[in-house]
Amino acid sequence: MTPPREELVPGRSPGGERRVMGVILAGAFGGLVLLLILLVIRMQRPEPSSPEIIGEALAPAPDDDPVSMKVPPFSASFTDVARRAGVRHVQSSGALGERLLPETMGSGVAIGDLDGDGDQDLLFADYGGTPRLYRNDTSPDGPILLTDVTVGSGLEEITATTTAALGDIDGDGRLDVLLGRVGRDHLLRNDGEMTFLPREVLSDGWTTAAGFFDADGDLDADLLIASYVEWSPEIDRQVDFTLDGIGRAYGPPNGFSGTDLRLLINDGDGVFVDEAASRGLRIRRADRGVSVMKALGILLIDVERDGDIDILVANDTTPNRLFLNDGQGHFVEDAARLGVAFDLDGNATGAMGLDAARDPSTGELLVAVGNFANESSSLYRQRKGVGFRDESAVSGIGFSTRTPLTFGTLLLDLDLDGLPDLVQINGHIEPEISRVQKGQRYPQRAQVFRGFEEVGRFRNVDPGRLGDLAQPMVGRAAASADLDGDGDHDLVVTRLDDVPLVLRNDLDPHPGEVLSVEVRGRMANAGGEGARLDVLDAQGRSLWTGELTRTRSYLAQSQPILLLPVGGAAKPLTVRVTSPAGTVVTRTTDGGEPLIIDTE
């Protein structure tokens, strides 16, 4: 049976159809108007005025957040005094247009008392130029003053330097220098008066981190050197990384072979022999027998608290490594079992810089690792033993650190509230990255996460409170020291093809509110490296526990000093120092005067 034509179906009429069509057209018109209104509103939004990373990933907690309103504002702010202090040189990348990988990885800084006058001098590496040495001539209560004494220092002819390490190799009480290079490293002896004499030219490589410590328990300063990848200009051209298939670009170390650690054992007279292989520091892939390290950062710290120094290595795109010291200078790699090899998803990250702090109530370690762009920073926390778990997702840093590319990484109490804060120095490696990743920028803002409520919990600090630290930069190394002796942590940050930042902390604590402790010694303990420090209040409660170490962050050496707020602590305070030799020195103080403790 043929169905009736639609216009003859009972209950329908041409007028009804017109009314239905009118409703449909009216709805479509209304939707179009709404869409146009939304487009106009979006077009009227102001564009960002600086070439920094923007978006929710870097947004701090709003000021009216109920939790934020319970704590006072972050009180540390930073002023760049580099030029007025005397630091005006540019750390050069050496780039000539070929996009060779060392050009984008930056140059570092080492901070230490190189002339023995009690304040902290600055030594800058410079891959595209030559090192710069600055003597700290700051007077008490005066502005930071740094005098360039490079000429005549013995350092001014060394090229292609990436980093520096400080240590007393011969037991004369002076800090000697290793200059790490792309090429053969230079070991120089401190002759006093800010002059250095060549001691030894070491084997070839691309040194990215180095540190002096007592590896074998004989109290000499042994030397650990980490390298990035097996590199030469010819290999780099063969790898030929590109962003979009057209033209060379800076990229990750995929395509480059891995490297090995070097452990140079000091025979007591300042003569070094590489014993890394016989002491367990050379590890290989089981299937191919090749090197597996692509190291960018090392941390020398007593993970097990058994009295000897262990080695934690941040590797770029390969698993991080943790070498446990057996007390005789032999090491066992155990990062995967102990939980620091991979991220939460079980992947190796593009790890750059790293640092650690301890919870004074438990002694458990907190380790922060800055990672590549589009990877959250890692935050490993010891829980009831030696092993770690990655708590970045619950710590308050996970989401906010996912976008930036982080190099320099420090855990230190910037605002002197008793909790470690996390500092991350950011900047991409590829100037044209925004062409292929719209959410990325080459210059990026540094980030500070303030310690909140307990050790290992953080909240993002509004960049507006950070002063000059918040300016967009192509940041690389980060080191800390009390450059002006006022009791707070100042920062030195290196930038690619720019003048370094010398960031004065404007917190300016009142005298007597901060306990300052430095440890003096010789050889392995020069400057307090490896010393365990404990501070107790009058009731025996632990206010601070940990090790003093220079070797931390990325391409950096920091002043080994404790700056601890004690204004509300029950006095007198007990300060106990345990040296690498096992010597225990105890002092009692009310915190009013700086303590300098000699362990010799």
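Presented here is an overview of the structure given in this document. Predicted model, so just to flag it, every value in this text is computed and none were measured. (Residues numbered from 1 in each chain as written. Predicted model: local features only at pLDDT ≥ 70, side-chain atom pairs only at ≥ 80, totals over all residues. Heavy atoms only, no water.)

1. Concerning the pairing of strand S2 (residues 109–112)
Thought 1: Of the two faces of S2, both are covered, the one formed by Val109 and Ile111 as well as the one formed by Ala110 and Gly112.
Thought 2: As defined by bridge partners, S2 adjoins strand S3 (residues 121–124) across 4 bridges and the pair is classed as antiparallel. Considered in S3, the bridge of Gly112 is made with Asp121.
Thought 3: Alignment of S2 against strand S30 (residues 556–557), held across 2 bridges, turns out to be parallel. The partner of Ala110 across the bridge, within S30, is Gln557. (Buried < 20%, exposed > 50% of the residue type's maximum accessible area, 1.4 Å probe, protein only. Helix = DSSP H or I, 4+ residues; strand = E, 2+ residues; numbered from the N terminus. Pairing = 2+ DSSP bridges.)

2. A closer look at the pairing of strand S17 (residues 365–369)
Thought 1: Within S17, 5 of the 5 residues are buried, leaving the element largely enclosed by the surrounding structure.
Thought 2: Residues Leu365, Val367 and Val369 line one face of S17 and the alternating positions Leu366 and Ala368 line the opposite face, and both faces are buried.
Thought 3: Pairing analysis gives 5 bridges linking strand S16 (residues 354–358) to S17, with the strands arranged antiparallel. The residue bridging Ala357 from the neighbouring strand is Leu366, located in S17.
Thought 4: Remark: 6 residues form the turn of the hairpin made by S16 and S17, two consecutive strands paired antiparallel; Gly363 in that turn has positive phi of roughly 80°.
Thought 5: The sheet contact formed by S17 and strand S18 (residues 378–382) spans 4 bridges and is antiparallel. What sits directly across from Val369, in S18, is Ser378.

3. A short note on the pattern of salt bridges
Once their charged atoms are close, side chains differing in charge can pair, the charge on each being opposite to the other.
Thought 1: Under the criterion given, the structure shown has 33 salt bridges.
Thought 2: Measuring nitrogen to oxygen at the nearest pair gives 3.8 Å for the salt bridge that ties Asp191 to Arg189.
Thought 3: Take Asp191: its relative accessible area is 37%, and that puts it in the partly exposed class.
Thought 4: A relative accessible area of 25% places Arg189 in the partly exposed class.
Thought 5: Here the salt bridges share partners, and the residues they tie into one network are Arg383, Arg389, Glu391 and Arg457. (Salt bridge = Lys/Arg side-chain N within 4 Å of Asp/Glu carboxyl O.)

4. Some words on the nonpolar core
Thought 1: In terms of nonpolar packing, the biggest core is built from 39 residues, with Leu122 and Trp231 touching the most fellow members.
Thought 2: Sort the elements by how many residues they give to this core and strand S24 (residues 475–481) lands first, with 3 residues.
Thought 3: The next biggest cluster of nonpolar side chains, apart from the first, holds 21 residues, and it includes Leu281, Ile283, Ile298 and Ile309. (Core = buried A, V, L, I, M, F, W, Y, C linked by side-chain atoms within 4.5 Å.)

5. Brief notes about the side chain of Asp214
Thought 1: If you trace the backbone, Asp214 turns up in the loop between strand S8 (196–213) and strand S9 (222–227).
Thought 2: No salt bridge is formed by the buried Asp214; its nearest oppositely charged neighbour, Arg279, is found at 8.7 Å.
Thought 3: Separated by 3.5 Å, the side chain of Asp214 and the backbone nitrogen of Asp216 make a polar contact.
Thought 4: Of the polar contacts made by the side chain of Asp214, one reaches the backbone nitrogen of Leu219; its length is 3.0 Å.
Thought 5: Setting aside its immediate chain neighbours within four residues, Asp214 contacts Leu219, Asp220, Asp222 and Ala524. (Lys, Arg positive; Asp, Glu negative; His and termini not counted. Polar contact = N/O pair within 3.5 Å; in protein donor to acceptor, adjacent residues only side chain to side chain. Contact = heavy atoms within 4.5 Å.)

6. Considering the sheet that holds strand S21 (residues 421–426)
Thought 1: Reading across from one edge, S20-S21-S22-S23 is the order of the 4 strands in this open sheet, with antiparallel pairing throughout. Two strands close off the open sheet at either side, each with one partner strand: strand S20 (406–412) and strand S23 (454–460). Adjacent strand axes in the sheet meet at a mean angle of 25° when their direction is disregarded.
Thought 2: Direction of pairing for S20 relative to S21: antiparallel, over a ladder of 5 bridges. Bridge pairing in S21 places Leu412 opposite Asp421. (Axes fitted to C-alpha atoms, helices over the stretch in contact; angles between N-to-C directions.)

7. Things to note about the packing of aromatic side chains
Thought 1: By the definition in use, this model includes 4 aromatic pairs.
Thought 2: Measuring from centroid to centroid gives 5.0 Å for Trp206 and Tyr228, while their planes differ by 85°, and the two rings are edge-to-face. Of this pair, Trp206 sits in strand S8 while Tyr228 sits in the loop between S9 and helix H3 (233–239), placing them 22 residues apart in sequence. For the residue pair Trp206 and Tyr228, the accessibility class agrees, reading buried in each case.
Thought 3: Between Trp206 and Trp231, the aromatic rings sit 6.1 Å apart at their centres with planes inclined by 70°, giving edge-to-face as the arrangement. Taken together, the residues Trp206 in strand S8 and Trp231 in the loop between S9 and H3 connect sequence positions 25 residues apart. Residues Trp206 and Trp231 agree in their burial class; the two are buried.
Thought 4: A cation sits over an aromatic face here: Arg459 above Phe452, 5.5 Å from the ring centre. (Phe/Tyr/Trp six-rings, centres within 6.5 Å; stacked < 30°, edge-to-face > 60°. Lys NZ or Arg CZ within 6 Å of the ring centre and 35° of its normal.)

8. Thoughts on the sheet that holds strand S7 (residues 176–190)
Thought 1: With respect to topology, 6 strands assemble into an open sheet ordered S6-S7-S8-S9-S10-S11, the strand pairing being antiparallel. Pairing within the sheet leaves two strands with one partner each, and these edge strands are strand S6 (161–167) and strand S11 (272–274). Ignoring which end each strand starts from, the neighbouring axes of this sheet average 35° apart.
Thought 2: Of the pairings in the sheet, the one linking S9 to strand S10 (residues 262–266) comprises 3 bridges and is antiparallel in character. In the strand pairing of S10, Leu224 is matched with Leu263.

9. As for the environment of Ala556
Thought 1: Here Ala556 shows up in strand S30.
Thought 2: Sequence-wise, Ala556 and Thr163 are 393 residues apart; in three dimensions their C-alpha atoms are separated by 6.8 Å.
Thought 3: In contact with Ala556, not counting residues within four places along its chain, are Val109, Thr163, Ala477, Ala478, Ala479, Arg550 and Thr551.

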